[in-house]
Amino acid sequence: MNRRGPGRRPGSADTRGEILTAARRVFAEKGFDKATVRGIAREANVDPALVHHYFATKEGIFAAAMRLPLNPETILPELLEGPREEVGERLVRLLLRVTAAPETREPMVALLRSAMTNEQAQAMFREFITNALLFKVANGLGVPHLRIEAAFAQMFGVVMARYVLKLEPMASADPEELVALLAPTLQRYFTG
């Protein structure tokens, strides 16, 4: 008897791509909060274990489906591990590193632009950013959610000024100069 393992199915070799396509549909229809891995698997006609195999978590599949350069599974440890008095600097460095390269900056800026003009994109972005990232950082640091949102708002402004509006001298400022300027202010949100 020839039995298939769990999650396997005959057909297309691009199962990962089909899962991503299904995830985009499900996230667009239901938003981040109401979408489930089971629902995405059902839409892609695969076992939920296969979705977990490729993407590990709902946050991981959202990041891949939206082509986000930030996956909470990788950036949360980077932000939360290390001395608390350096969180502000780690946050600024992380954002500047992610936005330095066009291949990681462009998807992020595209999502920000979409969120500013499209209510559905705004809701998905808000749900993802707050629940999958910001609140987890705030809880990990033991700070009120308002403080992490204030830090995010400041960094959101930096990304908008630097890459969307291209305000000078912000757009061409040396990253180390921005770290020196912004890190102490952000640090106050976490320890102040």
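## Overview of the confidence of the model for the protein chain
Predicted coordinates in areas of low pLDDT are best not read in detail.
Here's step 1: On average, residues of the protein chain carry a pLDDT of 87, and 93% of them reach 70 or more.
Here's step 2: Within the protein chain, the element-level pLDDT minimum falls on helix α7 (residues 102–117), averaging 81, and the maximum on helix α10 (residues 175–191), averaging 96.
Here's step 3: Note that residues 1–5 has pLDDT below 50 and, in this model, 2 contacts with residues that lie over four places away or in other chains.
Here's step 4: The model gives residues 7–11 a pLDDT under 50, and that stretch makes 9 contacts with residues more than four places away or in other chains.

## Some details on the packing of aromatic side chains
Here's step 1: For the structure on display, the rule yields 8 aromatic pairs.
Here's step 2: Relative to Phe 62, the ring of Phe 32 lies with its centre 5.2 Å away and its plane at 80°, an arrangement referred to as edge-to-face. Here the residue Phe 32 occupies a position in helix α1 (residues 15–34), and Phe 62 occupies one in helix α4 (residues 58–65), the gap between them amounting to 30 residues.
Here's step 3: Assessed through its relative accessible area of 2%, Phe 32 is described here as buried.
Here's step 4: Judged by centre distance (6.5 Å) and plane angle (45°), the rings of Phe 125 and Phe 152 are tilted. Here Phe 152 lies in helix α9 (residues 145–164) and Phe 125 lies in helix α8 (residues 119–141), a separation of 27 residues in the sequence.
Here's step 5: On the basis of relative accessible area, Phe 125 is assigned to the buried category, the value being 13%.
Here's step 6: For Phe 152, a relative accessible area of 28% gives the class partly exposed.
Here's step 7: Ring-pair connections join several aromatic residues into one group, and the members of that group are Phe 27, Phe 32, Phe 62 and Phe 128.

## A few points about α1
Here's step 1: Between its first and last C-alpha, α1 extends only 23 Å over 20 residues, short of the 28 Å set by a 1.5 Å rise per residue.
Here's step 2: The sharpest bend along α1 comes to roughly 80°, located at Ala 28.
Here's step 3: Within α1, the full set of buried residues consists of Thr 15, Gly 17, Ile 19, Leu 20, Ala 22, Ala 23, Val 26, Phe 27, Gly 31 and Phe 32.

## Topic: the packing of α1 against α4
Here's step 1: In contact at an axis separation of 9 Å, α1 and α4 are set at 105° when each is read in the N-to-C sense. Taken together, the axes of α1 and α4 lie roughly perpendicular to each other. Facing Arg 16, Ile 19, Leu 20, Ala 23, Arg 24, Phe 27, Phe 32 and Asp 33 of α1, the residues of α4 in contact are Lys 58, Glu 59, Ile 61, Phe 62, Ala 64 and Ala 65.
Here's step 2: Broken down by class, the residue content of the contact of α1 with α4 amounts to 9 nonpolar, no polar and 5 charged.

Criteria and cut-off values
- Residues numbered from 1 in each chain as written.
- Predicted model: local features only at pLDDT ≥ 70, side-chain atom pairs only at ≥ 80, totals over all residues.
- Heavy atoms only, no water.
- pLDDT = per-residue confidence, 0-100.
- Helix = DSSP H or I, 4+ residues; strand = E, 2+ residues; numbered from the N terminus.
- Contact = heavy atoms within 4.5 Å.
- Phe/Tyr/Trp six-rings, centres within 6.5 Å; stacked < 30°, edge-to-face > 60°.
- Buried < 20%, exposed > 50% of the residue type's maximum accessible area, 1.4 Å probe, protein only.
- Expected span 1.5 Å × (residues − 1).
- Bend = angle between axes of the 7 residues up to and from the residue.
- Axes fitted to C-alpha atoms, helices over the stretch in contact; angles between N-to-C directions.
- Parallel < 35°, antiparallel > 145°, perpendicular 65-115°, else oblique.
- Nonpolar A, V, L, I, M, F, W, Y, C, P; charged D, E, K, R; others polar.

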